Each structure stands twice: as structure tokens, then as C-alpha cells.
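Residue-level listing of the chains:
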Amino acid sequence: MFGAVVSVSACVDFGSPFAILLPASKRLGNDIAGKDDTLRQTKFIFITGGVLSSLGKGLAAASIAALMESRGLRVTLMKLDPYINVDPGTMNPFQHGEVFVTDDGAETDLDLGHYERFTHARMSKKNNYTSGGIYYSVITKERRGDYLGGTVQVIPHVTDEIKDCIKGAVDDVDIEIVEIGGTVGDIESLPFLEAIRQFRTDVGRENVLYIHVTLVPYLSTSGEVKTKPTQHSVKELRSIGIQPDILLCRTEKFLSGDIKKKIAHFCNVDTDAVITAKDVECIYEVPLLFHQEGLDEKIVRMLNIWTRAPLLDTWAGMVRQLKEPSHAVRIAIVGKYIDLKESYKSLNEALVHGGAPNDARVILDYVDSENVEKDGGEALIEGAEGILIPGGFGQRGVEGKIKAIRYARENRIPFLGICLGMQLATVEFARHVAGIEKAHSMEFDKNTSHPVIFLMREWFDYKNNQMIRRSEGSDFGGTMRLGAYPCVLEPGSLAYEAYGRPEISERHRHRYEFNNAYRETLGEHGMRFTGLSPDKNLVEIIEIPDHPWFLGCQFHPEFKSRPMEPHPIFRAFVGKSLEEAMRKRPGDFGKACVC
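Keep in mind it's a predicted model, so treat the numbers as computed, not measured.

The rules behind the values
- Residues numbered from 1 in each chain as written.
- Predicted model: local features only at pLDDT ≥ 70, side-chain atom pairs only at ≥ 80, totals over all residues.
- Heavy atoms only, no water.
- Pairing = 2+ DSSP bridges.
- Helix = DSSP H or I, 4+ residues; strand = E, 2+ residues; numbered from the N terminus.
- Axes fitted to C-alpha atoms, helices over the stretch in contact; angles between N-to-C directions.
- Contact = heavy atoms within 4.5 Å.
- Buried < 20%, exposed > 50% of the residue type's maximum accessible area, 1.4 Å probe, protein only.
- Patch = residues over 30% accessible without salt bridge, like charges linked within 9 Å, V, L, I, M, F, W, Y side chains within 5 Å.
- Areas by Shrake-Rupley, 256 points an atom, 1.4 Å probe, with all protein chains shown as cover.
- Salt bridge = Lys/Arg side-chain N within 4 Å of Asp/Glu carboxyl O.
- Phe/Tyr/Trp six-rings, centres within 6.5 Å; stacked < 30°, edge-to-face > 60°.
- Lys NZ or Arg CZ within 6 Å of the ring centre and 35° of its normal.
- Core = buried A, V, L, I, M, F, W, Y, C linked by side-chain atoms within 4.5 Å.

### Section: the sheet that holds strand β23 (residues 528-532)
Here nine strands make up an open sheet; going across it, the order is β13-β12-β14-β15-β25-β24-β23-β20-β21 and the pairing mixed. The open sheet terminates on both sides in strands that have one partner only, identified here as β13 (360-368) and β21 (503-510). On average, each strand axis in the sheet is inclined to that of its neighbour by 25 degrees, with strand direction left out of account. Across three bridges, the pairing between strand β24 (residues 539-543) and strand β25 (residues 550-553) is antiparallel. Opposite E543, over in β25, you have L551 as the bridge partner. Where helix α19 (residues 568-584) meets the sheet, its contacts fall on β12 (327-335), β13, β14 (386-389), β15 (415-418) and β25, and the angle it forms with β12 comes to roughly 115 degrees.

Here you go:
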């Protein structure tokens, strides 16, 4: 039977590593005669977007990957971004949103965070490329003479580079899902679209699927949905040679059968290939909605893959837990990028994850640190049951964050400082507890007489087993301490209690470090350094014992939090914040989803 689906009741549930039902070599229709052996066993799904940006292509890609994993398939994902920046590392969060960091130190698009949270796949530098990165590689090869004096052109040289990157991400997987950033019709994305158009011919039609995310708006004045934007978007895609196989239609309401038939008729797709991508309360509902619409079944049949039936019970249980908690806790996030919630995407999700094991809904109050700086923190954060200072760069709002830290410390409110938050917690403690009034970070005052936070010029890179050196004159892009580094925890500390093990590995993204010249002085006044690098040269975690829960970490724990595996730091922080909520307002707990 073509594309048959096999159910295996003995397979593990969604929360466990997936067993592969059948080895890739046993699947039907998968031989690519004369093609590269490394691609013979892999299917490719390309996801494009039309009408307008921010339709949720990243969530769609992550959700499809989750469904494929639930069927026992191995997946990887890739994001191709059309902007000219080499990577998003130097981009303003207001323009680009969060920069997601991988274990190997890549500064990537925030969608890679969705990919990791929804699947067991782990991203790396090879999972995110930009137009800038592609052109940089092509120009480097041209300067080196790799093209033997030939005229370097968009076709074939740029498109071949893109295709090589797509192939390079294949690593013993059954399916690679590639998201094309931007909107169909943008001039920047044309080389990527041309490359994926060619890709179907390169690897065989039966091994490539095109999925187009589009908009079907609902007009409340007339009480009807409009299909014309989708028709025009597909027309634009077809004009460059790509016929979508499946349409994901973003809409407020479920599409009727008649509307799906109309879209299918005008867009030249099967009616069951028109999928409702309805707005949901909680982003983790999206895979369940897609499954309800039959998307995963359609994909495996069109790609001619044999799989088991999807195992989604554990995932559905996780969604219920997030949507129907017994308690609520209010946490203030004091930062300067609060007008764009995408700037703190992984952080927001990690807090939601941390609420689940505590059976608590986490209410996030975003507080502008500049307002705290001008007006004081009391009125803005006094209702908070936990206070969090996230990472960030630049002078603006720094003193407001220090005021919020002081408020948390003196009023014994659970506190978590991440990256810059940890550094400013050090500054606040040095000023107001250790009596070093002029204490500051060299990031904001290069001439400070007491640089408790300073630019460390060399450190040991445990990933590559080498010393790293930098200076004030180093480029901004790619010169930070980036990626996963080991950390040894002190027994009996809050961190050790949270993790339950003596050594951890966490991801970093920063230039400045704790100045060891002040370790003894601050330690004498009560600060504990409970997480250190294996050589004890880098302070990774600080704590204040004389406090219900006060912890600062130099790394970004939010990058490793998953809905099925909440990060220990966030689980502990939300738990202590919930205790504070119970102390302040016993019995006053609500229910709702803030996913």
C-alpha cells in the first residue's frame, strides 16, 4: 500500500527519545539514482511564507517536526534568512527579536529556539544561514580562486552555495525541514527560493515537499473570510517555479469545507492539503491542531514514508497542564526591550515551563528599567512575587535595573539575574553591602575606579581546547564568550539543589566577566560564588545565602529549557516565587493560560 502508516503500540511515548520504526533504507520510493549517497535517505520539506511577515513559519516548522518525531522519524531543521547581516548577533532586538545561542556558539535566529523546544533536535552553526553569510562564503571562494577565474553569478554560484548548506545540515536524519525567512515577493529572498526550486530536481521530486504558510483573514464587518490574499501569494510563488504541495492557512476560525475547496481550486492543490492554522491560546497546541487537521498524515503520504502512528498523549497532557494550572504567580521582568516581547522569547517560554512542575500559571509583568530609574522601583514592582533581570547590552536603563535588584534583595523577594542581571547584582551588592560606592561595570564606565565587572582578555575555551584572547579593539560580531561552557557547582548551594548534580554545561553570550580581584572582598560581606569554571577562573553563579532565594548566573539557562524538561533554575525560581505568592495572598489563585 502506498504510504502506509504502521501502528506500533510498544513504541515509547513523546517524552522519551524516539525509536525509529523502520530504518531509512527500508522506506519505499527513496532511491535517488546517481545522486549523492548522503542524501539518499533524507526527505526535505521547504516552508515558505506569503502575504505578510510574522505568520508563524517558525512555529509551523517546529510543530511539523514535532509531529514527525512523534511518528518515530529523526528530524533536523534549518532557517535561511534573507538579510545581509552575516548573523543576527549585532542586530537590535527591536528589529530582529531574540538572538538564540547554540551549544557550539552560533548566534542565530529566534526560530531555532522554537525548533529545540518542540523537538529533540539540537541546533548548531550549520542550521542557520543568512544572505550575508552565503555571499561572504561565495566572495571568499572567489578571492581564493576557487572558481578558476569564472564569472561569479547568482545562478549557479550563490544558489549552489545555498544548496550545499542545505545538504550540509543532513546528519543521519529522515527529514530535514527548511524554513525560508521573509515573504514571497521580497527581492532579498529570491536566491533562496530559486535554490529550493532547483533542489527538487537535484534530489528527486518524491523527496521534496513545499509547504506555504499564508493568511486567510476574517472580516468582522462582513462576517466572512477572504481567500484572495492566499490566491495571490500562491500565484507569486508559482511565478518563480514553485508549486506548493500543502497550504497552511493562518486564520482566526476553522475553515469550512467550502472555503478549503475554493482555495484548493484556485491554488492547484488537493482539498485535504489546505490546512487550517488557527490561532491558539498556547503555542504548544499547534502540533495537536495540525494533527487534527491531518497534516502529518498528508506529509508522510506525499513523501511516501512508512511510519508508526503518532504518539501525542504525553504532549497533549503537557498542554493541559500549561492551560489548567491550580495556582498563579506574578513575576516582574525588568528590562529595556519590553516593547517587543520577541526580544525575550526563550526567557518567556522558560518561565512558562518553570510554572508547569509547580502547577502554576506564570503572569509576566514587563517593567521598563528606564521608568524604574526615573521613578523608583517600588510602585512598579511592589506587587511582584519574583523579580528577574534578563540579559542585555548598553547603558540605557542600567541604574533602573540596579534599583530593582536592591528592592528584591532588601525586601527578600525571590530574585534571578541572568547574564547582565548577574553582573548588575554584583554591582549592587558591592555598592550597598560591601560599601564600594563607585563599583561599576567597565561596559558602562571604562574609567571606573572599582571595576567589579571587567573585560576579561583571555580565557580557556573548553569546546575547542584552546585559549581565547580579545581586546577593546575586537570586532563586535562573534567576539563574545559564546556557546556551552562547563560549570562546577558548590554542594549545598541553591544551584546544586536545583540541578541535583555537581557539574553542568550552559550557554553563554557576553563580553564582560566578574573581576576576581573583588572575589575575596565580596565574599567577606556574604556573597557566595557557587558556580565556577573547572579552572576556577570564571565566576558563573553568585548567591546571597541570607535571602529566601537570590541567584545570578552568567550564562543563559533559558536556551536549554523545554516544555517537557523545564530548566532546573526556572523550576526552582518559579517555585520560590510561588511560596512568596502564598505568603502574600494565601488562597488567591487563578486559572488561565499565558502560553
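From this point, things continue past the structure.
### A word on helix α12 (residues 345-355)
Because an α-helix packs 3.6 residues into every turn, residues spaced three or four apart end up facing the same way. In terms of burial, α12 is a largely internal element, eleven of the eleven residues being buried. Of all the positions in α12, only K345, S346, L347, N348, E349, A350, L351, V352, H353, G354 and G355 are classed as buried.

### Some details on a nonpolar patch on the surface
Residues I84, Y135, I139, V154 and I155 make up a contiguous nonpolar surface patch of about 460 Å² in total accessible area. Assignment of secondary structure puts Y135 in helix α4 (residues 131-144).

### Focus: the packing of aromatic side chains
The description of an aromatic ring pair uses the distance of the two centres, along with the angle that the planes make with each other. All told, the structure shown has eleven aromatic pairs when counted by the stated rule. Centroid distance F44 to F46: 6.5 Å. Interplanar angle 10 degrees. Geometry classified as stacked. Relative accessible area serves as the criterion here: at 0%, F46 is assigned to the buried category. Grouping aromatic residues by their ring pairs yields a cluster made of F44, F46, F199 and Y210. One cation-aromatic arrangement involves K253 over Y218; the distance from NZ or CZ to the ring centre is 5.0 Å. If you follow R481 out to its NZ or CZ, it ends over the ring of Y485, 4.9 Å from the centre.

### Section: the nonpolar core
With 63 residues, the main nonpolar core has I45, I64, L248, F290 and I299 as its most contacted residues. Among the elements that take part in this core, helix α1 (residues 57-70) stands out by supplying nine residues, more than any other. Setting aside chain neighbours within four positions, we find I299 in contact with I45, I64, M68, L209, I211 and I246.

### Some details on unusual backbone geometry
As a rule of thumb, non-glycine residues mostly have phi less than zero, and peptide bonds are mostly trans rather than cis. Looking along the chain, the bond that leaves I155 and enters P156 is cis, with omega of 20 degrees. Relative to the assigned elements, P156 resides in helix α5 (residues 154-168). The backbone of L148 sits at a positive phi, close to 55 degrees, despite the residue not being glycine. With respect to the secondary-structure elements, L148 resides in the loop between α4 and α5. Positive phi is not limited to glycine here, since C419 has a value of about 60 degrees. As for its position among the elements, C419 is in the loop between β15 and α16 (420-432). By relative accessible area, C419 is classed as buried at 5%.

### Overview of the environment of A106
In this fold, A106 is placed in the loop between β3 (100-101) and β4 (107-108). A relative accessible area of 8% means that A106 is categorised as buried. Taking the C-alpha atoms as reference, A106 lies 8.7 Å from G89; in sequence the two are 17 residues apart. Here A106 is in contact with F100, V101, S124 and K125, once residues within four sequence places are set aside.

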